[in-house]
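Below are the chains, spelled out letter by letter.
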2 protein chains.
Amino acid sequence: MNLAEYIRTVPDFPKPGIGFKDITPLLASPEAFRECITQCEAAYPAEGHDRIAGMESRGFLFGSALALRQGRGFLPIRKPGKLPWECIREEYELEYGTDALEIHKDACGPGDRVLLVDDLLATGGTLMASAALVRRLGAEVAGVLCVVELDFLQGRKRLEAAGLKVHSLLHVTGE
Amino acid sequence: MNLAEYIRTVPDFPKPGIGFKDITPLLASPEAFRECITQCEAAYPAEGHDRIAGMESRGFLFGSALALRQGRGFLPIRKPGKLPWECIREEYELEYGTDALEIHKDACGPGDRVLLVDDLLATGGTLMASAALVRRLGAEVAGVLCVVELDFLQGRKRLEAAGLKVHSLLHVTGE
């Protein structure tokens, strides 16, 4: 099964000139979704991590399903103000301005190996901030897993320079 | 296993006087998360629905995991402007003002039986709007499934008055 056939490119979303990679056809197909999670598991067998972190919101879809499959705890990384308990926050740069992510202080800690899961690797800002949050809590980042990687934005370079292992199921090579 | 032990009440979140039901301890425990999904499956066996809809963002966590377990397609229902393709929108009343949800036009259609999954049933506004979206696309709502129900807010009454079957794993009876 070629998972790329289940990714729909939506032109000019969220703004003109951007071809958005829509994962909803993949989720809508039980066979494609199962194959996707199976490929995630092949890339990162359960023995290599204790917990799985998903980034709000689409990272939740793959991260929680993989956590269930692998028998691992799931922890959410969210936009500011969404997590109800005590948090730490990490700001990161956007094209214009800054954004931030938060993690609960008890989400992980020393001795934990955390796999980061998101749907898309673009410039890598979200994943860099997420890795920083996990590391600030004393845990190790076991790896980064994305469904789609936009190779031309070179987010992988930033992540690998920060010592992170990166695996993506699908690669988009050109704009 | 008593799943209620994995729900943490956070006082005064998101505003003074509200005791927020925090599901992150449940997600963090592989055993509790597995038991939660097993109880979801017991309430709504796979034969009764063709697709599972999850409401942004916490409904994604349970809906996608259940969809994987049951071999059913997953469809996201999201806040306006988040879904990239053609959508329909449903507005609903909040305590102050209105909010809205969107669904892709190809998410479901006539002949589909859709199970709605969210983490929390409070006043039922989100689930009423979600049911309306699914029905406007010609599909049937097979049922509503929530992890936690705040009985005192009586959201169930509204949903059942709209002909919806409702099941919650946990009930909070008092404020």
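Structural data are supplied above this passage.
Residues numbered from 1 in each chain as written. Chains lettered and ligands numbered in written order. Predicted model: local features only at pLDDT ≥ 70, side-chain atom pairs only at ≥ 80, totals over all residues. Heavy atoms only, no water.

Asker: I'm lost on the sheet that holds strand S3 (residues 51–55) of chain B in this one. Help?
Answerer: Residue and element names in this part refer to chain B. Sheet architecture is open: five strands sit in the order S4-S3-S7-S8-S9, paired in parallel fashion. Each edge of the open sheet is held by one strand with a lone partner, namely strand S4 (73–77) and strand S9 (166–172). Each strand of the sheet is rotated relative to its neighbour by a mean of 20°, with strand direction disregarded. Where helix H3 (residues 58–70) meets the sheet, its contacts fall on S3, S4, strand S7 (113–121) and strand S8 (140–150), and the angle it forms with S7 comes to roughly 140°. Strands in contact with helix H4 (residues 125–136) are S3, S4, S7 and S8; relative to S7, the strand with the most contacts, it is inclined by about 165°. (Pairing = 2+ DSSP bridges. Helix = DSSP H or I, 4+ residues; strand = E, 2+ residues; numbered from the N terminus. Axes fitted to C-alpha atoms, helices over the stretch in contact; angles between N-to-C directions. Contact = heavy atoms within 4.5 Å.)

Asker: When you look at the packing of aromatic side chains in this model, what are you seeing that I'm missing?
Answerer: Here a ring pair, both rings aromatic, is described through the centre-centre distance and the interplanar angle of the planes. Counted according to the given criterion, the structure contains six aromatic pairs over all chains. Centroid distance Phe13(A) to Phe20(A): 5.1 Å. Interplanar angle 85°. Geometry classified as edge-to-face. Summarising the burial analysis for this pair, Phe13(A) and Phe20(A) share the class buried. A cation over an aromatic ring shows up here: Arg8(B) above the ring of Trp85(A), its NZ or CZ 4.0 Å from the ring centre. (Phe/Tyr/Trp six-rings, centres within 6.5 Å; stacked < 30°, edge-to-face > 60°. Buried < 20%, exposed > 50% of the residue type's maximum accessible area, 1.4 Å probe, protein only. Lys NZ or Arg CZ within 6 Å of the ring centre and 35° of its normal.)

Asker: How should I be thinking about the pairing of strand S9 (residues 166–172) of chain A in this particular structure?
Answerer: In the case of a regular strand, side chains alternate between the two sheet surfaces. All names here are of chain A. In terms of burial, S9 is a largely internal element, five of the seven residues being buried. Across six bridges, the pairing between strand S8 (residues 140–150) and S9 is parallel. For Glu 149, the partnering residue across the bridge sits in S9 and is His 171. Crossover S8 to S9 through helix H5 (residues 155–161) is right-handed. (Right-handed = clockwise from strand over helix to strand, strands pointing away.)

Asker: Could you clarify how one ought to interpret the packing of helix H3 (residues 58–70) of chain A against H3(B) in this entry?
Answerer: Geometrically, a packed helix pair is captured by the angle between its two axes and the distance between the axes. In contact at an axis separation of 8 Å, H3(A) and H3(B) are set at 50° when each is read in the N-to-C sense. Viewed along their axes, H3(A) and H3(B) adopt a mutual orientation that is oblique. Helix-helix and strand crossings are classified by hand; for H3(A) and H3(B) the assignment is right-handed. Residues Phe60(A), Leu61(A), Ser64(A), Ala65(A), Leu68(A) and Arg69(A) of H3(A) touch H3(B), and the partners they reach there are Phe60(B), Leu61(B), Ser64(B), Ala65(B), Leu68(B) and Arg69(B). Each residue belonging to the contact of H3(A) with H3(B) can be placed in one class, and the counts come to eight nonpolar, two polar and two charged. (Parallel < 35°, antiparallel > 145°, perpendicular 65-115°, else oblique. Left-handed = near helix turned anticlockwise from the far one by under 90°. Nonpolar A, V, L, I, M, F, W, Y, C, P; charged D, E, K, R; others polar.)

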